[in-house]
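What follows is the residue order along each chain.
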Amino acid sequence: ARGLFNKPVPEEAVKAVQNPYDRMLSTADELYGQVKQSINKRGIKVPVDDSYLNQAHEIMGKTRANRKLIDAAKSGDYDAVHNLQSHLFKKGTKALSSDDLAVEKQGEEILDLRDKINEQLENTLLKSGHTDIAHVLRQGKKTYAKLMNTYFGPNLRKSIGKMAHHDIRLDPENPLKMFKEN
């Protein structure tokens, strides 16, 4: 009842957006970390389709570091695949927060590529009998999908994603006004 009689505080509105984002991202990261640990412990190789790696190379830029990462992912090294996915997530979600429609479209394509890599990974795990790891990966994917729908949905204001995304974290001048609908 206390919240009904107190005037909203702008800083609390910002925290109300950022804190759940951080928790959801942390949960997804923990699940992906469990997958990474299990795959490495069992010595599972998870090769990524060459067409996906070529797309990633185009998206990420043609630097030596990116080439090294993509070559390691090509070998089936899950640490490299995980790092590639992480890089694609950061780049894609940052682009979704852009006011430029072309950059936003790029973000959608980047995240679609990341989803394809994750789907291939899940299928590889299932086919090779590692259903327990595939289940944890599926939970991570569901958490990630919820995060995407909550903070980067097509009908949401871009300012929500900009307020939540770690690389951007812009606090609006008037956060309470941002949540009002005309």
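Described below are features of the structure shown in this document. Worth saying up front: this structure is predicted, and the values here are computed from it rather than measured.

## Describing the packing of helix α3 (residues 50-60) against helix α4 (residues 64-74)
Each pair of packed helices can be described by the angle between their axes along with the distance between the axes.
So, point 1. Where α3 meets α4, the closest approach of the two axes is 10 Å, and the angle between their N-to-C directions is 165°. Overall, the two elements α3 and α4 adopt an arrangement that is roughly antiparallel. In the packing of α3 onto α4, the handedness of the crossing is right-handed. For the pair formed by α3 and α4, the contact residues are D50, L53, A56, H57 and M60 on the first element and N66, R67, L69, I70, A73 and K74 on the second.
So, point 2. Residues belonging to the contact of α3 with α4 are distributed by class as follows: 6 nonpolar, 2 polar and 3 charged.

## Quick look at the side chain of H57
So, point 1. On the secondary structure map, H57 appears in helix α3.
So, point 2. Apart from the residues lying within four places of it in its own chain, the contact partners of H57 are K62, R67 and I70.

## Structural notes on the environment of K74
So, point 1. Mapped onto the secondary structure, K74 falls in helix α4.
So, point 2. K74 gets classed as partly exposed once you look at its relative accessible area, which sits at 43%.
So, point 3. Linking K74 and V48, residues 26 residues apart in sequence, is a C-alpha distance of 5.8 Å.
So, point 4. Those residues in contact with K74 that lie beyond four places of it in its chain are P47, D50 and L53.

## Notes on the packing of aromatic side chains
So, point 1. Going through the model one piece at a time under the given rule, you end up with 2 aromatic pairs.
So, point 2. Where Y21 meets Y151, the ring centres are 5.1 Å apart and the plane angle is 85°; that geometry is what we call edge-to-face. Of the two residues, Y21 is situated in helix α2 (residues 10-42) and Y151 in helix α7 (residues 131-151); the sequence distance between them amounts to 130 residues. Considered together, Y21 and Y151 belong to a single accessibility category, that of buried residues.
So, point 3. Residues F89 and Y144 carry aromatic rings whose centres are separated by 5.5 Å and whose planes lie at 65° to one another, so their mutual orientation is edge-to-face. Taken together, the positions of F89 in helix α5 (residues 78-96) and Y144 in helix α7 put the pair 55 residues apart, joining distant regions of the chain. Both residues of the pair, F89 and Y144, count as buried.

## A look at the nonpolar core
So, point 1. I39, L84, L147 and Y151 are the most contacted members of the largest nonpolar core, which totals 43 residues.
So, point 2. At the level of elements, α2, α3, α4, α5, α6 (101-127), α7 and α8 (158-164) are the ones that each hand at least two residues to this core.
So, point 3. Per-element tally for this core: the top contributor is α2, with 9 residues.
So, point 4. The contact partners of L147, leaving out residues within four places of it in the chain, are Y21, M24, L25, F89 and F152.

## Some remarks on α6
So, point 1. Helix length check: α6, at 27 residues, gives a terminal C-alpha distance of 39 Å against a target of 39 Å (1.5 Å per residue), a fit within 8%.
So, point 2. Listing the buried residues of α6 in full gives E104, G107, I110, L111, L113, R114, I117, N118, L121, E122 and L125.
So, point 3. With a side-chain oxygen positioned 2.9 Å from the backbone nitrogen of A102, the residue opening α6 is D100.
So, point 4. G129 lies just past α6 and shows a positive phi near 85°.

## Quick look at the packing of α4 against α5
So, point 1. Two elements in contact, α4 and α5, have axes separated by 7 Å at closest approach and are oriented at 130°. With respect to α5, the element α4 is oriented oblique. In the packing of α4 onto α5, the handedness of the crossing is left-handed. Every residue of α5 that contacts α4 at L69, A72 and A73 is listed here: A80, V81, N83 and L84.
So, point 2. A class-by-class count of the residues in the contact of α4 with α5 yields 6 nonpolar, 1 polar and no charged.

Conventions and cut-offs
Residues numbered from 1 in each chain as written. Predicted model: local features only at pLDDT ≥ 70, side-chain atom pairs only at ≥ 80, totals over all residues. Heavy atoms only, no water. Axes fitted to C-alpha atoms, helices over the stretch in contact; angles between N-to-C directions. Helix = DSSP H or I, 4+ residues; strand = E, 2+ residues; numbered from the N terminus. Parallel < 35°, antiparallel > 145°, perpendicular 65-115°, else oblique. Left-handed = near helix turned anticlockwise from the far one by under 90°. Contact = heavy atoms within 4.5 Å. Nonpolar A, V, L, I, M, F, W, Y, C, P; charged D, E, K, R; others polar. Buried < 20%, exposed > 50% of the residue type's maximum accessible area, 1.4 Å probe, protein only. Phe/Tyr/Trp six-rings, centres within 6.5 Å; stacked < 30°, edge-to-face > 60°. Core = buried A, V, L, I, M, F, W, Y, C linked by side-chain atoms within 4.5 Å. Expected span 1.5 Å × (residues − 1). Polar contact = N/O pair within 3.5 Å; in protein donor to acceptor, adjacent residues only side chain to side chain.

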